[in-house]
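Spelled out, the chains give:
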Amino acid sequence: MMNKKNVYKLFLFLFMLLAFFISVYPLLWVVIQSLKTETEFLESIWTLPARLNFQNYATAWNDAGMSRYFMNSVVVTLVTTAVNLVFVTCAGYAFAKLKFPGKTFFYYMIIFNLLIPTAIILLPMFTMVNRMHLVNTLPALVFPYFQGFAPMGLIICRNYFEEAGRMQQHAGVPQNHAAPGKAHPGHHGHSLGHAGVE
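Residues numbered from 1 in each chain as written. Predicted model: local features only at pLDDT ≥ 70, side-chain atom pairs only at ≥ 80, totals over all residues. Heavy atoms only, no water.

So, the overall build of the chain: which residues are in play, and what are the values?
Along its length, the chain carries eight helices and zero strands. Counting from the amino terminus, helix and strand elements in the chain follow one another as α-α-α-α-α-α-α-α. Counting only residues that meet the buried cut, the chain has 17% of its 198 residues in that class. Carbon and sulfur atoms provide 72% of the accessible area of the chain, an area that totals close to 15400 Å². (Helix = DSSP H or I, 4+ residues; strand = E, 2+ residues; numbered from the N terminus. Buried < 20%, exposed > 50% of the residue type's maximum accessible area, 1.4 Å probe, protein only. Areas by Shrake-Rupley, 256 points an atom, 1.4 Å probe, with all protein chains shown as cover.)

Below, the structure is given as structure tokens:
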């Protein structure tokens, strides 16, 4: 006889299995449809292909310009990731470790950006990109992605650096504190690098 704990595990397993199927089925359906001929696809979207037609991928890559779209995605992803890592990491360290006027105000203003729906800023962002003559260029894609992910990245980096400092204190790691206004120029850069590899 199954006890309550086993019944709970069974229902949890069935729920996770259902969630997995719901998540994977659309992707599986797309892959199956992509291997059909045009005639098979128009006849029925529920049947399996008579044979695997990989020529569709070659046609899309060569004739439909997918190779260019793919490279655009790679470039935008790499540049956006690099820009976010540099700016968000430095900003997160500054908000976690440094003291400057308006620190709390500016931090919450950046966080407030998360509350603004994307649809509201689409038109102002397009207007700004258009005035900068960046329409139909890759930089016009990099900037919106950076603006969208920067606030969340800032929260993550700030919390990381704050937690890293507390863990070092609990572990008894000596902190290199200089008198106010006496820190040498490389102090914060060294601390940033040290916190990043701990």
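Describe in detail the state of the cysteines, supporting the description with residues and values.
Under the criterion given, the structure shown has zero disulfides. Cys90 supplies the cysteine sulfur nearest to Cys157, a cysteine that is in no disulfide, at a spacing of 9.4 Å. For Cys157, a relative accessible area of 18% corresponds to the buried category. (Disulfide = S-S within 2.5 Å.)

Outline the layout of surface pockets, supporting the account with residue identities and numerical values.
Looking at the second largest pocket, its volume works out to about 240 Å³. Forming the walls of the second largest pocket are 13 residues, and the residues nearest its centre are Thr118, Ile121, Pro144, Gln147 and Gly148. Going through the elements one at a time, helix 6 (118–131) and helix 7 (139–170) are the ones with two or more residues in the lining of the second largest pocket. When residues in the lining of the second largest pocket are grouped by element, the largest group, six residues, is from helix 7. Class assignment for the residues of the lining of the second largest pocket results in nine nonpolar, four polar and no charged. (1 Å grid on protein atoms, 1.4 Å probe; cavity = no way out; pocket = protein on both sides within 12 Å on 5 of 7 lines; lining within 4 Å. Points joined across faces, edges and corners; volume = space filled by probe spheres on them. Nonpolar A, V, L, I, M, F, W, Y, C, P; charged D, E, K, R; others polar.)

Quick one: what's the story with the environment of Glu163, residue by residue and with numbers?
With respect to the element layout, Glu163 can be found in helix 7. Glu163 sits 67 residues away from Ala96 along the chain, and the two C-alpha atoms are 9.3 Å apart.

Can you lay out unusual backbone geometry for me, pointing to particular residues and giving the numbers?
Unusually for a residue other than glycine, His133 sits at a positive phi of about 60 degrees. Inspection of the secondary structure assignment puts His133 in the loop between helix 6 and helix 7. The backbone of Asn136 sits at a positive phi, close to 65 degrees, despite the residue not being glycine. Position of Asn136 relative to the elements: it lies in the loop between helix 6 and helix 7. Overall, Asn136 belongs to the exposed group, its relative accessible area being 79%.

Provide a residue-level description of the packing of helix 4 (residues 66–97) against helix 5 (residues 103–112), including the pertinent values.
It is at 10 Å that the axes of helix 4 and helix 5 come closest, and there the two elements cross at 140 degrees. Classified by the angle between their axes, helix 4 and helix 5 sit oblique to one another. Every pair of crossing elements has a handedness; the one defined by helix 4 and helix 5 is left-handed. The segment helix 4 lies against helix 5, with Ala94, Phe95 and Ala96 engaging Lys103, Phe106, Tyr107 and Ile110. Of the residues contributing to the contact of helix 4 with helix 5, the split by class is six nonpolar, no polar and one charged. (Axes fitted to C-alpha atoms, helices over the stretch in contact; angles between N-to-C directions. Parallel < 35°, antiparallel > 145°, perpendicular 65-115°, else oblique. Left-handed = near helix turned anticlockwise from the far one by under 90°. Contact = heavy atoms within 4.5 Å.)

Give me the nonpolar core: which residues, what numbers.
In terms of nonpolar packing, the biggest core is built from six residues, these being Val88, Tyr93, Ala96, Ala150, Cys157 and Phe161. If you look at the next biggest cluster of nonpolar residues, it comprises five residues, including Tyr107, Ile111, Leu154 and Ile155. (Core = buried A, V, L, I, M, F, W, Y, C linked by side-chain atoms within 4.5 Å.)

So, the packing of aromatic side chains: which residues are in play, and what are the values?
Taken as a whole and judged by the stated rule, the model has eight aromatic pairs. Their ring planes at 55 degrees and their centres at 5.6 Å tell us that Phe95 and Tyr107 sit as a pair that is tilted. Of this pair, Phe95 sits in helix 4 while Tyr107 sits in helix 5, and the two are twelve residues apart along the sequence. In this pair, the class of Phe95 matches that of Tyr107, namely buried. Seen in terms of ring centroids, Tyr160 and Phe161 are 5.3 Å apart; in terms of plane orientation they differ by 65 degrees. Their pairing is edge-to-face. Residue Tyr160 is classed as partly exposed on the basis of its relative accessible area, which comes to 37%. Among the aromatic residues, those joined into a ring-pair cluster are Phe95, Phe100, Tyr107 and Tyr108. When the ring centre of Tyr107 is taken as reference, the NZ or CZ atom of Arg158 above it lies at 4.1 Å. (Phe/Tyr/Trp six-rings, centres within 6.5 Å; stacked < 30°, edge-to-face > 60°. Lys NZ or Arg CZ within 6 Å of the ring centre and 35° of its normal.)

Structural measurements only, silent on function.
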